[in-house]
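Here are the chains, one letter per residue:
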Amino acid sequence: MASESKTSAKTGPTGRPIREFPVPDALDSHGPARVIALCNQKGGVGKTTTTISLAGALAEYGRSVLLVDFDPQGALSAGMGVQSHDVPTIYDAMIGREKDIRQTIQPSAISGIHVIPANIDLSAAEVHLVSEVARESILAGLLRPVLEDYDVVLIDCQPSLGLLTVNALTAAHGVLIPLECEFFALRGVALLIDTIEKVKGRLNPALQVDGIVATMYDARTLHAREVLERVVDGFGDTVLDTVVGRTVKFPDASVAGTPITEFAPQHASAHTYRELARELISRGAIA
């Protein structure tokens, strides 16, 4: 296990002393995976960017990562440069067209990262699943056979609180909430937390919130600083120390179909996502 993080007197964006999270120890073996759903019902908060960039950082630290694109927009698939048409997708597995989930898994260009793609077909899944028995637990059952092959499974959820998101929360051990430092993004967090608590109470007692990660932060604006302060006041230690700033490098990396840690490895945002990976490992959210 990684040693305790060191504390500095300098204050970070969250108002806490800056902590240096150590580089994690190498793993002797892989699996079983911890499943983390990246969830926020508001779109445009950096959810897919965080999923991809965190995966890139974890892969650099020797973790074996499976990404599940669970958004009909298929942004994660495109952002990882994997095929999402004319191939088996998560939709095919969800409706029973593809019986073996392994047939939907594609390698990415990054060593240690595999992807289950999605496309617009997934938007029809809720209609297909509405009459299914235990419809909230279908994804959990699909992922179970491959958990031994990975250290972490990251599920990129669609921006809604519908049946697909409930499936992701039922399959997950933890939830990571990317939150844009903007007032309207803040308003929806209480509703999301309420949904998580309902899923925990009725479907998945082991579910926990691994953290809220502030994204698109611009320290130059009073608004962003005030929103982050309110989030920390409201959610305390649930808010991670790592704060992701705005940069044009994220869209560039998406166009290139690779994580920012690979596209611009020395960029400040690449270092930020390595810090996020180290923080989650230090917190025990990831092995």
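Quick look at the structure, then. (Residues numbered from 1 in each chain as written. Predicted model: local features only at pLDDT ≥ 70, side-chain atom pairs only at ≥ 80, totals over all residues. Heavy atoms only, no water.)

Comments concerning the nonpolar core
The nonpolar side chains of a soluble globular protein tend to be buried with one another. Ranked by internal contacts, the top residues of the largest apolar core, which has 58 residues, are F70, I90, L143 and I155. It is helix α6 (residues 163-171) that provides the largest number of residues to this core, a total of six residues. Among residues more than four places away in sequence, those in contact with L143 are L66, V68, I116, V153, I155 and A171. (Core = buried A, V, L, I, M, F, W, Y, C linked by side-chain atoms within 4.5 Å. Buried < 20%, exposed > 50% of the residue type's maximum accessible area, 1.4 Å probe, protein only. Helix = DSSP H or I, 4+ residues; strand = E, 2+ residues; numbered from the N terminus. Contact = heavy atoms within 4.5 Å.)

Examining the pattern of salt bridges
One pass over the full model with this rule turns up 12 salt bridges. One salt bridge connects R274 with E60, and the closest N-O pair in it is separated by 2.6 Å. Of the two residues, R274 sits in helix α12 (residues 268-283) while E60 sits in helix α1 (residues 47-60), which places them 214 residues apart along the sequence. Under the relative-accessibility criterion, R274 is labelled buried at 10%. With relative accessibility at 41%, the residue E60 sits in the partly exposed group. In this structure, R97 engages D92 in a salt bridge whose closest nitrogen and oxygen atoms are separated by 2.8 Å. Salt bridges sharing common partners tie together R16, R19 and D241. (Salt bridge = Lys/Arg side-chain N within 4 Å of Asp/Glu carboxyl O.)

Observations regarding the environment of G162
If you trace the backbone, G162 turns up in the loop between β7 (152-157) and α6. Spatially, the C-alpha atoms of G162 and Q41 are 9.1 Å apart, while their sequence positions differ by 121 residues.

Some remarks on the packing of aromatic side chains
Under the defined criterion, the tally for this structure stands at two aromatic pairs. Plain terms: the ring middles of F183 and F184 are 5.6 Å apart, the flat faces sit at 65 degrees to each other, and that makes the pair edge-to-face. Looking at F183, the relative accessible area reads 33%, which means it is partly exposed. (Phe/Tyr/Trp six-rings, centres within 6.5 Å; stacked < 30°, edge-to-face > 60°.)

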